[in-house]
Amino acid sequence: MAKNVNELISYQWEGVSKTGQISNGITQARSLIAAKTELRKQGITIHKIAKKRKPLFSGRSKKIKQADITIFSRQLSTMIEAGIPLIQSFDIVSKGQTNQRMKALIEAVKKEVESGTSLAESLRKHPLYFNELFCNLVDAGEKSGSLDIMLDKVATYKEKFETIKKKIKKALTYPMAVLAIAFLVSAGLLMFVVPQFESLFKGFGADLPAMTRGVITLSKWFESYWYLIFGAVFGAGYGFYHARLRSRAFAHWIDKTMLKIPIIGTILQQAAIARFSRTLSITFAAGLPLIEALKSVGGATGNILYADATAKIGEEVSSGQQLFVAMDNTKLFPSMVIQMIAIGEESGALEKMLSKVADFYEEAVDNAVDALSSLLEPMIMAILGVLVGGLVIAMYLPIFKLGSVV
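In this convention, every chain numbers its residues from 1, walking through the sequence in written order. The model is predicted, so local features are restricted to residues of pLDDT at least 70 and side-chain atom pairs to those at 80 or more, both for listing and for counting; the totals for chains, interfaces and linings are taken over all residues. Processing note: side-chain calculations cover all non-hydrogen atoms of the structure and skip hydrogens and water entirely.

K.L.:
Just to check I follow, could you spell out the environment of V297 for this structure?
P.N.:
Each helix is a run of DSSP H or I of at least 4 residues and each strand a run of E of at least 2, with the numbering of both proceeding from the N terminus. Along the chain, V297 turns up in helix α11 (residues 290–297). Think of it in three bands: with a 1.4 Å probe and only protein chains considered, a residue is buried below 20% of the maximum accessible area for its type, exposed above 50%, and partly exposed in between. Accessibility expressed as a relative area gives 0% for V297, which makes it buried. Spatially, the C-alpha atoms of V297 and G344 are 18 Å apart, while their sequence positions differ by 47 residues. Sequence-distant contacts of V297, defined by excluding residues within four places in its chain, comprise F276, T279, L280 and T310. Whether two residues are in contact is decided by their heavy atoms, any of which lying within 4.5 Å being enough.

Quick look at the structure:
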């Protein structure tokens, strides 16, 4: 299709205005020459002008996941360790990408590095994909000349982090998904199956069992108000999700309540301690001061109670308190963790002790999730049996009594 010559093109420009102030903006014109002419008429001395780029990530390509960032870190670490220059490493990694969004992200970081910006600063311009912890570790690696080692540590850390995250999701979403399916199946039976049986039962000429009458009443009520029921369920889910995002007090209450739930609360606590220990271990190993390391730890715990506790620990440590005492004051860490941190501080092997604590609690999460899965399976089957089986039995009870009616 031929291009429309009258189509206006957006140009992004930087320059100096009549008053000598540096300014920038976007202007629309039919060509680059026309855009420059228009800006000169406005008294602007142009320094840079180019077509406005489309958004960095557009189209229908897959979203960038943390697994993509982990693989990127591992690949970049391997390239640098092999002696390949950073820019060339970007080119190699970019060519192997099938996800166009990830490819565009790598190209954007590469351009920043080519312009003379450090890798850490380039990554900081994309906070949606590279958090403060990631950038701080990369910055420490660049300054110490061990970027490949630090990227490898980051990749290992993210792999462990994602493993715990997946296990927690598995522990929480599996029963919820099964219960949701049971609810939908029960709703389908009440709305479409039970009314068919009701019309059949009208010709029996005998009183129906109490259980059957109850199910028929429930079916009629469900048929009349199904839209309110489904609306309330989805509305509650939507409201819960957004309330947790927008209200820190609500999120704090939810996280506190979750920690009190039997079995699941224990798993969440163990996961938070594992993340705390692993993150602090790797930041401490990177050479970051303890106060700076603690600033990066809070958001990695995955629980607002532990995030707030980490902030308080940082305040106490900065005022001269020992780390294990500050942790003990929060009342969120088991005595075993406090004792190991105390030994690590006294012996000068804090990084090693933190790593051991992380290993212990990561294994504990694995075992607890496996045990929970084994426990939930029979419980879920029992719930399904009561819900669906109860409805089926209620509908067939009158048929079993049909002989006595005849």
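Read on, since the account is not over.
K.L.:
How do you make sense of the pattern of salt bridges when you look at a structure like this?
P.N.:
Any two side chains of opposite charge can pair, given that their charged atoms come close. One speaks of a salt bridge when a side-chain nitrogen belonging to Lys or Arg is within 4 Å of a carboxyl oxygen belonging to Asp or Glu. Taken as a whole and assessed by the stated rule, the structure comprises eight salt bridges. In this structure, the salt-bridge partner of D139 is K143, at a minimum N-O distance of 3.1 Å. Remark: K143 and D139 occur in helix α6 (residues 132–144); sequence separation between them is four residues, near one turn of the helix. Taken together, the salt bridges that share partners define one network made up of R74, D152 and E159.

K.L.:
How should the sheet that holds strand β2 (residues 22–29) be read in this particular structure?
P.N.:
Two modes of strand pairing occur in sheets, parallel and antiparallel, and in both the strands are linked by backbone hydrogen bonds. Reading across from one edge, β2-β1-β3 is the order of the three strands in this open sheet, with antiparallel pairing throughout. The sheet is open, and its two borders are formed by β2 and β3 (45–51), each paired with just one other strand. The average angle at which neighbouring strand axes cross in this sheet is 25 degrees, direction not considered. One bridge is not enough; two strands pair if DSSP finds at least two bridges between them. The pairing of strand β1 (residues 9–16) with β3 spans six bridges and is classified as antiparallel. Bridge assignment links W13 to a residue of β3, and that residue is I49. Interaxial angles span 0 to 180 degrees and are taken between N-to-C directions of axes, which are lines fitted to C-alpha atoms, for helices over the stretch in contact.

K.L.:
Would you mind showing me how to read unusual backbone geometry here?
P.N.:
Outside of glycine, negative phi angles account for most residues, and trans bonds account for most peptide bonds. Its identity as a non-glycine residue notwithstanding, I263 has a phi of 65 degrees, on the positive side. Within the fold, I263 resides in the loop between α9 (248–260) and α10 (264–285). Even without being a glycine, K331 presents a positive backbone phi close to 60 degrees. When you line up the elements, K331 lands in the loop between α13 (323–329) and α14 (335–347). Overall, K331 belongs to the exposed group, its relative accessible area being 67%.

K.L.:
When you look at the environment of Q270 in this model, what are you seeing that I'm missing?
P.N.:
Mapped onto the secondary structure, Q270 falls in helix α10. We classify Q270 as buried; its relative accessible area is 16%. Distance from Q270 to L259, taken between C-alpha atoms, is 10.0 Å for residues eleven residues apart in sequence.

K.L.:
How should I be thinking about the packing of aromatic side chains in this particular structure?
P.N.:
Pairs of aromatic rings are described using the distance from one ring centre to the other and the angle between the two planes. Pairing of aromatic side chains requires ring centres within 6.5 Å, counting the rings of Phe and Tyr and the six-membered ring of Trp. Pairs whose planes differ by under 30 degrees are stacked, by over 60 edge-to-face, and all others tilted. In this structure the tally under the stated criterion is eleven aromatic pairs. Residues F222 and F230 carry aromatic rings whose centres are separated by 6.2 Å and whose planes lie at 90 degrees to one another, so their mutual orientation is edge-to-face. You'll find F222 and F230 in the same group, each marked buried. Through successive ring pairs, a cluster of aromatic residues spans F72, F90, F130 and F134.

K.L.:
Help me understand the confidence of the model for the protein in this model?
P.N.:
When pLDDT is low, close inspection of the predicted coordinates is not appropriate. Confidence of the prediction at every residue is given by pLDDT, a number between 0 and 100. Residue-level pLDDT values for the protein average 80, and 91% of them are 70 or greater. Contacts of residues 1–6 to residues separated by more than four positions or lying in other chains number four contacts, the stretch itself having pLDDT below 50.

K.L.:
In this structure, what is going on with the packing of helix α7 (residues 147–201) against helix α15 (residues 350–400)? I would like to understand it.
P.N.:
When two helices pack together, their arrangement is given by the angle between their axes and by how far apart the axes lie. One can describe the packing of α7 onto α15 by two numbers: an axis separation of 11 Å at closest approach and a directional angle of 0 degrees. The orientation of α7 relative to α15 falls into the category roughly parallel. Roughly parallel means an angle under 35 degrees; roughly antiparallel means over 145; roughly perpendicular covers 65 to 115; every other angle is labelled oblique.

K.L.:
When you look at α7 in this model, what are you seeing that I'm missing?
P.N.:
Given 3.6 residues to a turn, an α-helix orients residues that are three or four positions apart in the same direction. A helix's residues, less one, multiplied by 1.5 Å, set its expected span. Taking 1.5 Å of rise per residue, 55 residues should cover 81 Å, and α7 covers 76 Å from first to last C-alpha, within 8% of that figure. Approximately 40 degrees is the largest bend angle found in α7, and it occurs at V193, with the proline P195 only one to four residues beyond. Note that bend, as reported per residue, equals the angle between axes fitted to the 7 residues terminating at that residue and the 7 residues originating from it.

K.L.:
Looking at this structure, I do not really get the side chain of T279. What am I missing?
P.N.:
Within the element layout of this structure, T279 appears in helix α10. For T279, a relative accessible area of 0% corresponds to the buried category.

K.L.:
What should I look at first to understand the packing of α10 against α15 in this one?
P.N.:
Relative to each other, α10 and α15 sit at 155 degrees, their axes nearing to 8 Å. One way to sum up the angle between α10 and α15 is to call them roughly antiparallel. Relative to α15, α10 is oriented so that their crossing is left-handed. Polar here means any residue other than Ala, Val, Leu, Ile, Met, Phe, Trp, Tyr, Cys and Pro, which are nonpolar, and Asp, Glu, Lys and Arg, which are charged; Gly is therefore polar. The class makeup of the residues in the contact of α10 with α15 is 18 nonpolar, four polar and four charged. Two helices cross in a left-handed way if the nearer one is turned anticlockwise from the farther one by less than a right angle. They cross in a right-handed way if the turn is clockwise.

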